[in-house]
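# Reading the structure
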Amino acid sequence: MRRKIIAANWKMNKTFSEAMALIEEIKSQLSQIKNRKSIVIIAPPYPYLKSVADKLKDIENVFVAAQNCYSQEQGAYTGEVSADMVKSVGADYVIIGHSERRNYFKEESSLLAEKIKAALKNNLLPIYCVGETLQQRESGKCGDVVRKQIEEVLFSLSKNDFSKIIIAYEPVWAIGTGLNATSEQAQAIHSYIRTIVKEKYGSETSENTSILYGGSCTEKNAAELFGCKDVDGGLIGGASLNAKSFTEIIKHISEKK
Ligand code: 13P
């Protein structure tokens, strides 16, 4: 079944005590939303994963994600963290292929495909990010870029493994800029992503794939974006660092049929 999902990507923000205060506030705000049907996922920095997971463990439909993991199981990879380690501290999801990882850390398709496999092997569900730069959009390459990002990284997966993937469409030009994609732009590319998935895995898998939108999504534009037929929720950066804003965004999807 296609799930409605709101995920918070805290990126490299907050000290430990600030993070603990934020999670307490989010918990308290979430308890005030009645009949929430959506899944909420929080992705804090690595050092806070266990504490955040412990605080959220009794809340229904709330999970923890890492913002990254390495492709190798264990060994001499100074500074890296394996999927197994992430799983062992209570996370159930992992963000893979965020544009900041692709851009600043030069992560390419071959590595991302290995990361996805490592995550799945360790029962971590990947949130796989795709999205074009402004230049790519302006030169009419948006669809091709997203297709390549999906084909190169996901299409060696079996149908069963692919069904565990959540896709997040995050146009690079919208991330942290205050300039979100319009609902028309989001719907067009989300629908195209569903077509790409359908071509490879068939319509049942494609209809069941959750496709999230990310990039300057706030409580002001969430309702419109989430109102699109093929937008199944959001991956929220800046606005997820404020408990009130984040829960307002969650309400916009909870109210959806
Ligand atoms: P912003 O919501 O801050 O634009 O970030 C989006 C994002 O990159 C989430 O992964």
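Here, every reference points to the structure presented above.
The structure contained in this document is the topic of the report that follows. (Residues numbered from 1 in each chain as written. Predicted model: local features only at pLDDT ≥ 70, side-chain atom pairs only at ≥ 80, totals over all residues. Heavy atoms only, no water.)

## Some points on the overall build of the chain
Our working rule: Under the scheme used here, helices are H or I runs from DSSP no shorter than 4 residues and strands are E runs no shorter than 2 residues, and both carry numbers assigned from the N terminus. Buried means the residue's accessible area, taken with a 1.4 Å probe over protein chains only, is under 20% of the maximum for its type, while exposed means over 50%, and partly exposed covers the values in between. Residue contacts are counted whenever heavy atoms from the two residues lie within 4.5 Å of one another. Each accessible area is a Shrake-Rupley result for a 1.4 Å probe, and residues are judged covered by the shown protein chains and nothing else. Positive: Lys, Arg. Negative: Asp, Glu. His and the chain ends are not part of the count. Lysine's charge is taken at NZ, arginine's at CZ, aspartate's at CG and glutamate's at CD.
Of regular secondary structure, the chain possesses twelve helices and eight strands. Taking the principal axes of the C-alpha coordinates as reference, the chain spans close to 45 × 45 × 35 Å. In the chain, which comprises 257 residues, the proportion classed as buried is 53%. Considering only intrachain contacts with a sequence separation of at least 6, the fraction spanning at least 24 residues in the chain is 72%. Within the structure as shown, the chain displays about 11800 Å² of accessible surface, and the carbon and sulfur contribution to it stands at 50%. Taken together, the 34 basic and 31 acidic charged side chains of the chain have centroids lying 3 Å from each other.

## Topic: the environment of Phe155
Here Phe155 lies in the loop between α7 (142-154) and α8 (159-162). For the pair Phe155 and Ala223, spaced 68 residues apart in sequence, the C-alpha separation works out to 32 Å. Apart from residues no more than four positions distant in its own chain, Phe155 is found in contact with Ile150, Phe162, Ile196, Val197, Lys200 and Tyr201.

## A word on the packing of α7 against helix α9 (residues 183-201)
The description of two packed helices rests on the angle between their axes and on the distance between the axes. Note the cut-off: Axes, fitted as lines to C-alpha atoms, cover a helix only where it is in contact. Angles between the N-to-C directions of the axes lie from 0 to 180 degrees. For classification purposes, angles smaller than 35 degrees are called roughly parallel, those larger than 145 roughly antiparallel, those between 65 and 115 roughly perpendicular, and all remaining angles oblique. For a crossing to be left-handed, the near helix must be turned anticlockwise from the far one by less than a right angle; the clockwise case is right-handed.
Between α7 and α9, the least distance of the axes is 10 Å, while the angle of their chain directions is 40 degrees. Classified by the angle their axes make, α7 and α9 are oblique. Classified by chirality, the crossing of α9 by α7 is right-handed. Of α9, the residues touching α7 (which contributes Cys142, Gly143, Val146, Arg147, Ile150 and Leu154) are Ile189, Tyr192, Ile193, Ile196, Glu199 and Tyr201.

## What to know about α9
Let me state the cut-off plainly: In this analysis, the expected span of each helix is defined as 1.5 Å times one less than the number of residues it contains. Starting at the helix axis, one direction is taken to each C-beta atom, and the arc is that of these directions.
With 19 residues, α9 should cover 27 Å at 1.5 Å per step; its first-to-last C-alpha distance of 26 Å lies within 8% of that length. All buried positions along α9 are accounted for by Ser183, Ala186, Ile189, His190, Ile193, Arg194, Ile196, Val197 and Tyr201. Each buried residue of α9 sits inside an arc of 155 degrees when the element is viewed along its axis, so together they form one side. Residues of α9 that are exposed and point more than 90 degrees away from the buried face comprise Glu184, Ala188 and Glu199. Positive phi appears at Gly202, one or two residues downstream of α9, with a value of about 95 degrees.

Note that every value here comes from positions in space, so none of it alone points to a role or purpose.
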